[in-house]
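Listed below, chain by chain, are the residues.
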Amino acid sequence: MPMVKWKQYKTYESAETMKRCLYVFKKGGRYLYIGKAKQFGGKSGRYAYGYRYLVDALLESGAKLYLAELTLTQWESVKDYENTLISSAKGQDAVNRRRIKNFNNIPELEGP
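The present account deals with the structure reproduced in this document. (Residues numbered from 1 in each chain as written. Predicted model: local features only at pLDDT ≥ 70, side-chain atom pairs only at ≥ 80, totals over all residues. Heavy atoms only, no water.)

**Structural notes on unusual backbone geometry**
The phi angle at R20 is positive, at roughly 45°, despite the residue not being glycine. Looking at the element boundaries, R20 is found in strand β2 (residues 19-27). (Helix = DSSP H or I, 4+ residues; strand = E, 2+ residues; numbered from the N terminus.)

Here it is, written out as structure tokens:
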């Protein structure tokens, strides 16, 4: 299974059309937020136009935005990918237990 390829996006406009993706907001080596989105931005995206101010504010504050587009096969296990990143970056206790109690760790997965 191919690993994900991270790409840095410097503006909301450049990232808004990304689909089936993992995303990371990172500042100074610290992960601020890790998530997944069927579509990152645009009219019906995770960060739809109304949230654009949040993305812009994070980028203007010096945070960096990284996205990795997943294949259809990878998207079927997106919770595993997301929770592997969360647990490796923030610790096992950071994984939201209400959403998912167990997940398959993906040992080859690395964040940006």
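**As for the nonpolar core**
If you look at the biggest cluster of nonpolar residues, it comprises 16 residues, and the most contacted ones within it are V4, W6, L22, L70 and Y81. If you list the elements that add at least two residues to this core, you get β2, β3 (30-39), β4 (64-69) and α4 (78-90). The dominant element in this core, judged by the number of residues it contributes, is α4, at four residues. Grouped together as the second largest cluster of nonpolar side chains are 14 residues, Y23, F25, L65 and L67 included. (Core = buried A, V, L, I, M, F, W, Y, C linked by side-chain atoms within 4.5 Å. Buried < 20%, exposed > 50% of the residue type's maximum accessible area, 1.4 Å probe, protein only.)

**Notes on α4**
An ideal rise of 1.5 Å per residue puts 18 Å on 13 residues; α4 measures up with 18 Å between its terminal C-alpha atoms. Residues of α4 that are buried: V78, D80, Y81, E82, N83, T84, L85, I86 and S87. Looking at the packing, one finds that the buried side of α4 touches β2, β3 and α3 (72-75). Remark: G91 follows α4 within two positions and exhibits a positive phi of approximately 100°. (Expected span 1.5 Å × (residues − 1). Contact = heavy atoms within 4.5 Å.)

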